[in-house]
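Chain by chain, the residues:
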There are 2 protein chains.
Amino acid sequence: MGRAPGAETDDAFSDRPRSTGPARLADVALAAGVSVATVSNVLNWPGKVGAATTERVRQAMEALDYVPHEGAARLRRGSSRSIGLVLPDVANAFYAHMARGAADAAFDHRYTLILCDSADDAEREEGYLAMLAEQRAAGAVVAPLGADTARLLRLRRRGVRLAVVDRAEPTTQSCSVSVDDVRGGRLAVEHLLALGHRDIALVNGALSIRQCADRYEGARQAVAHRPDVRLRQVNVDTMDAASGRAATAGLSGAAAPTAVFGTNDQLAIGVTQALLGGGRRVPDDVAVVGYGDLEIAPYGPVPLTTVAQPVYELGRAAVELMLDEIDQGDRHVHRAKVFAPELVVRQSAPAPR
Amino acid sequence: MGRAPGAETDDAFSDRPRSTGPARLADVALAAGVSVATVSNVLNWPGKVGAATTERVRQAMEALDYVPHEGAARLRRGSSRSIGLVLPDVANAFYAHMARGAADAAFDHRYTLILCDSADDAEREEGYLAMLAEQRAAGAVVAPLGADTARLLRLRRRGVRLAVVDRAEPTTQSCSVSVDDVRGGRLAVEHLLALGHRDIALVNGALSIRQCADRYEGARQAVAHRPDVRLRQVNVDTMDAASGRAATAGLSGAAAPTAVFGTNDQLAIGVTQALLGGGRRVPDDVAVVGYGDLEIAPYGPVPLTTVAQPVYELGRAAVELMLDEIDQGDRHVHRAKVFAPELVVRQSAPAPR
């Protein structure tokens, strides 16, 4: 088929560049005994080429492990089959699980996910947004750092489609995916009420943090029509175990609460450690509920009852909304998807009898 | 500068496509009052254009938020400024920290990192490798699933450069980055010996797992010339807290060891839970050492002494070796970088007095 058989051809063939690099269009054409234009047509205009020739070209591609050059197709399309995932710290379990959900959704649609770890740094977040624009990413899913929407607007201006994750956003600008933290706070305190507790302490971060304010609001709603219940709040600067232990010192003595709701699992485990260290039993003397249900909750001194957030689902849903926007173009309608958290009951505040 | 001033021009200007999408070369040329060819020269052949014109074009680019089209440059170069990171599960803290290190290194060199989460699935890993080849990734850092090297060879054949992370590899094929787990096992047991323990139990996974075999080998080396020391091993199928608890049941009674080395932190915390549950004190009756030092180690029932792996550094070093290969081309020499783990002393096996 246009090729001379025999040893000479084989030698020439083995000297081709493809033996030290990936196969090229010309290699496929040679192997299939067709012109380069025909191979190109098989790739780009399948209807133009007969079935037998198409099959021969496909077999040659497979034999040579030929990979079509995605870059060329991308230039025609104007954007790549990749989506950016911009988050503050992938080593944080919350974002790691979110990344897993996002990666799964992207893979299902044969999109790649570009991991943009801003390291909690606004300048670096900017740098990533520029890189995404340069590489003509089809879109970006952003877990915004703090409440600064100026940067989000800037990314939109760069022509990269945007979906926001872990924050409810007005649907005029973009899709968003978030968790109902008010409901989460309500679930935690309602569980303690069902266990008979009437004196509950909230160990919480600063109310300037949206999540902390929402979880407090939920707790407040749970006791709104319960004048028999005392709800107090201790606010800490850093939401870690040490702060939980320190906060517990102020909650001992005769007026100690019978239950503590720590608004993340680190705080709740710190509270548990301090209670046990002070000779009190959990949950017999004091019940403890946390918030998060990531790695550490089952490993604490007492397996922790806590509010689980569908973090994996957040990442998955955000990518799926973005893919809808990419696929549907002008027909796409922005949506704000809100997930409900769930209570996971373990030993530190068991199920009511 | 070749543009008529006034309201009409402004209207015409605001009607341009760039108002609903990113600015294009023609928009920059119009705004700077130069030809499209001149703008292209400023981008690609800076020496060709005078300083004043260059400055005018740069200002126009900035005013319009113009982003050069990376795709075109990529086509010329043959590969993109992106690197794949192929790992079995980014939601696992070990890989999440590795991803963070890899992302930091890539960002420092203005490369993007494509997150390829194989979900512990060989077929999916294959799918990602194909996508990386299609998108002409400049290279891939792979944390291989199991010991199957056939897939690694296949990726190399696709023309994607490869570095292996979390496994020592012969340097004939690629760079690799790993942790010396033999040394880690030795560190753990040497610490227990220094505390005076002479009866030590290893709670370990299957010896067919490279890491488990290496950690056992290190433990064995530590007691090699100590006929006064008894080292026993209990192997479990699943390396989690429940298995740690179950294994501890077989280590009680009169012949119980005075120290336990759990070869991951989950096992060690399970052991600690079971010991405390059985009324024994940690570390007073039994000392416990773990391995990993990720999220859970400080949060256990007793803060855990454990062997820390430089996981972040693994990810960072693997990307840096890959970037060296990309930059140096034929001058690059493959290296096998091995990191030393370190003992982190906490309460479950404190420092010797």
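As a reminder, the structure under discussion sits directly above these lines.
Because the structure is a prediction, the values reported are computed rather than measured. (Residues numbered from 1 in each chain as written. Chains lettered and ligands numbered in written order. Predicted model: local features only at pLDDT ≥ 70, side-chain atom pairs only at ≥ 80, totals over all residues. Heavy atoms only, no water.)

(A) Up close: the overall build of chain A. In terms of helices and strands, chain A carries 13 helices and 12 strands. Within chain A, buried positions represent 52% of all 353 residues. In chain A, the proportion of contacts linking residues at least 24 apart, taken out of those at least 6 apart, comes to 69%. (Helix = DSSP H or I, 4+ residues; strand = E, 2+ residues; numbered from the N terminus. Buried < 20%, exposed > 50% of the residue type's maximum accessible area, 1.4 Å probe, protein only. Contact = heavy atoms within 4.5 Å.)

(B) Structural view of the pattern of salt bridges. Scanning all chains against the criterion turns up 36 salt bridges over all chains. Between B:Asp89 and A:Arg100 there is a salt bridge whose closest N-O contact spans 2.5 Å. Note that B:Asp89 is positioned in the loop between β1 (82-87) and α6 (93-108) and A:Arg100 in helix α6 (residues 93-108), a pairing that runs across two chains. For A:Arg100, the salt bridge goes to B:Asp117, with nearest N and O atoms at 3.6 Å. On the criterion of chain membership, the pair formed by A:Arg100 in helix α6 and B:Asp117 in strand β2 (residues 112-117) is interchain, its members lying in two chains. As far as the burial class goes, A:Arg100 and B:Asp117 line up, both buried. Each of the salt bridges in this network shares a partner with another, and the network as a whole consists of A:Asp89, A:Asp117, A:Arg124, B:Arg100 and B:Asp104. (Salt bridge = Lys/Arg side-chain N within 4 Å of Asp/Glu carboxyl O.)

(C) Geometry of the sheet that holds strand β4 (residues 162-165) of chain A. Strand order across the open sheet formed by 12 strands is β11(A)-β5(A)-β4(A)-β3(A)-β1(A)-β2(A)-β2(B)-β1(B)-β3(B)-β4(B)-β5(B)-β11(B), with mixed pairing between neighbours. One side of each edge strand has no neighbouring strand; the edge strands of this open sheet are β11 (336-339) of chain A together with β11 (336-339) of chain B. Sheet twist, expressed as the average angle between the axes of neighbouring strands with direction ignored, equals 20°. Taken together, the three bridges between strand β4 (residues 162-165) of chain B and strand β5 (residues 175-179) of chain B define a ladder with parallel strand orientation. Note on β5(B): the bridge partner recorded for B:Val164 is B:Ser176. On top of the sheet, helix α13 (residues 311-328) of chain A reaches β1 (82-87), β2 (112-117), β3 (139-142), β4, β5 (175-179) and β11 of chain A; it is set at about 170° to β5(A), its chief contact. (Pairing = 2+ DSSP bridges. Axes fitted to C-alpha atoms, helices over the stretch in contact; angles between N-to-C directions.)

(D) Region of the structure containing the side chain of B:Asp181. Residues and elements named next belong to chain B. Tracing the sequence through the fold places Asp-181 in helix α9 (residues 181-194). A distance of 2.6 Å separates polar atoms of two side chains, one belonging to Asp-181 and the other to Tyr-291. Look past the residues within four positions of Asp-181 in its chain and what remains in contact with it is Arg-210, Gln-211, Asp-214, Arg-215, Tyr-291 and Gln-309. (Polar contact = N/O pair within 3.5 Å; in protein donor to acceptor, adjacent residues only side chain to side chain.)

(E) Just the packing of aromatic side chains, in detail. Inspection of the entire model under this criterion finds six aromatic pairs over all chains. A ring pair is formed by A:Phe107 and B:Tyr128, whose centres lie 4.6 Å apart and whose planes are at 45°; its orientation type is tilted. Taken together, the residues span two chains, with A:Phe107 in helix α6 and B:Tyr128 in helix α7 (residues 122-134). Neither A:Phe107 nor B:Tyr128 differs from the other in exposure class; each is buried. (Phe/Tyr/Trp six-rings, centres within 6.5 Å; stacked < 30°, edge-to-face > 60°.)

(F) Here's a closer look at the packing of α6(B) against helix α13 (residues 311-328) of chain B. All names here are of chain B. Packing of α6 against α13 brings their axes to within 6 Å, and their N-to-C directions diverge by 40°. Relative to α13, the element α6 lies oblique. In the crossing of α6 with α13, the sense of the turn from one axis to the other is right-handed. From α6, Phe-94, His-97, Met-98, Arg-100, Gly-101, Ala-102, Asp-104, Ala-105, Ala-106 and Asp-108 reach across to α13, where they touch Val-311, Tyr-312, Leu-314, Gly-315, Arg-316, Val-319, Glu-320 and Leu-323. Partitioned by chemical class, the residues of the contact of α6 with α13 number 10 nonpolar, three polar and five charged. (Parallel < 35°, antiparallel > 145°, perpendicular 65-115°, else oblique. Left-handed = near helix turned anticlockwise from the far one by under 90°. Nonpolar A, V, L, I, M, F, W, Y, C, P; charged D, E, K, R; others polar.)

(G) Quick peek at the environment of B:Arg167. Residue and element names in this part refer to chain B. The residue Arg-167 is located in the loop between β4 and β5 in this model. On the basis of relative accessible area, Arg-167 is assigned to the buried category, the value being 14%. In the structure, Arg-167 is positioned 171 residues away from Val-338 in sequence and 9.1 Å away in space, judged by C-alpha atoms.

(H) The arrangement of the packing of helix α7 (residues 122-134) of chain A against α6(B) in detail. It is the contact of α7(A) with α6(B), at a shortest axis distance of 12 Å, that shows an interaxial angle of 70°. Of the possible angle classes, the one that applies to α7(A) and α6(B) is roughly perpendicular. Contacts from A:Arg124, A:Gly127, A:Tyr128 and A:Met131 of α7(A) reach α6(B) at B:Ala103, B:Asp104 and B:Phe107. Taken together, the residues of the contact of α7(A) with α6(B) break down into four nonpolar, one polar and two charged.

(I) Looking closely at the sheet that holds strand β8 (residues 259-262) of chain B. Residue and element names in this part refer to chain B. One open sheet holds the six strands; their spatial order is β7-β6-β8-β9-β10-β12, and the pairing between them is mixed. At either end of the open sheet lies a strand with only one pairing partner, and these are β7 (230-235) and β12 (342-344). Averaged over all pairs of adjacent strands, the angle between strand axes in this sheet comes to 20°, irrespective of strand direction. By the bridge criterion, four bridges tie strand β6 (residues 199-204) to β8 in an arrangement that is parallel. From the neighbouring strand, Val-203 faces β8, where its bridge partner is Gly-262. Strands β6, β8, β9 (287-292), β10 (305-308) and β12 of the sheet are contacted by α9, whose axis makes an angle of about 165° with β9. Along the sheet, helix α10 (residues 210-222) makes contact with β6, β7, β8 and β9, crossing β6 at roughly 170°.

(J) Layout of α6(A). All names here are of chain A. Under the 1.5 Å per step criterion, the end-to-end length of α6 is 23 Å for 16 residues, consistent within 8% with the ideal 22 Å. Most of α6 sits inside the fold, with 14 of its 16 residues counted as buried. Where α6 begins, one side-chain oxygen reaches toward the backbone nitrogen of Phe-94, 2.8 Å away; that side chain belongs to Asn-92. Count one or two residues on from α6 and you reach Arg-110, which has phi positive near 55°. (Expected span 1.5 Å × (residues − 1).)

(K) Local environment of unusual backbone geometry. Residue A:Pro283 follows A:Val282 across a cis peptide bond; omega there is 10°. When you line up the elements, A:Pro283 lands in the loop between α12 (265-277) and β9 (287-292). Not every positive phi belongs to a glycine, and B:Arg136 is a case in point at roughly 50°. Position of B:Arg136 among the secondary structure elements: in the loop between α7 and β3 (139-142). By relative accessible area, B:Arg136 is classed as buried at 17%. A positive phi angle, close to 75°, is found at B:Asp166, a residue other than glycine. Tracing the backbone through its elements, the reader meets B:Asp166 in the loop between β4 and β5. Under the relative-accessibility criterion, B:Asp166 is labelled buried at 11%.

(L) Region of the structure containing helix α4 (residues 51-64) of chain A. All names here are of chain A. When the terminal C-alpha atoms of α4 are compared, their 20 Å separation across 14 residues agrees well with the 20 Å that a helix rising 1.5 Å per residue should span. Considered for burial, the residues of α4 that qualify are Thr-54, Val-57, Ala-60, Met-61 and Leu-64. The buried residues of α4 occupy an angular sector of 125° when projected down its axis, which confines them to one face. Turned more than 90 degrees from where α4 packs its buried face, Ala-51, Ala-52, Glu-62 and Ala-63 sit exposed. (Arc of directions from axis to C-beta.)

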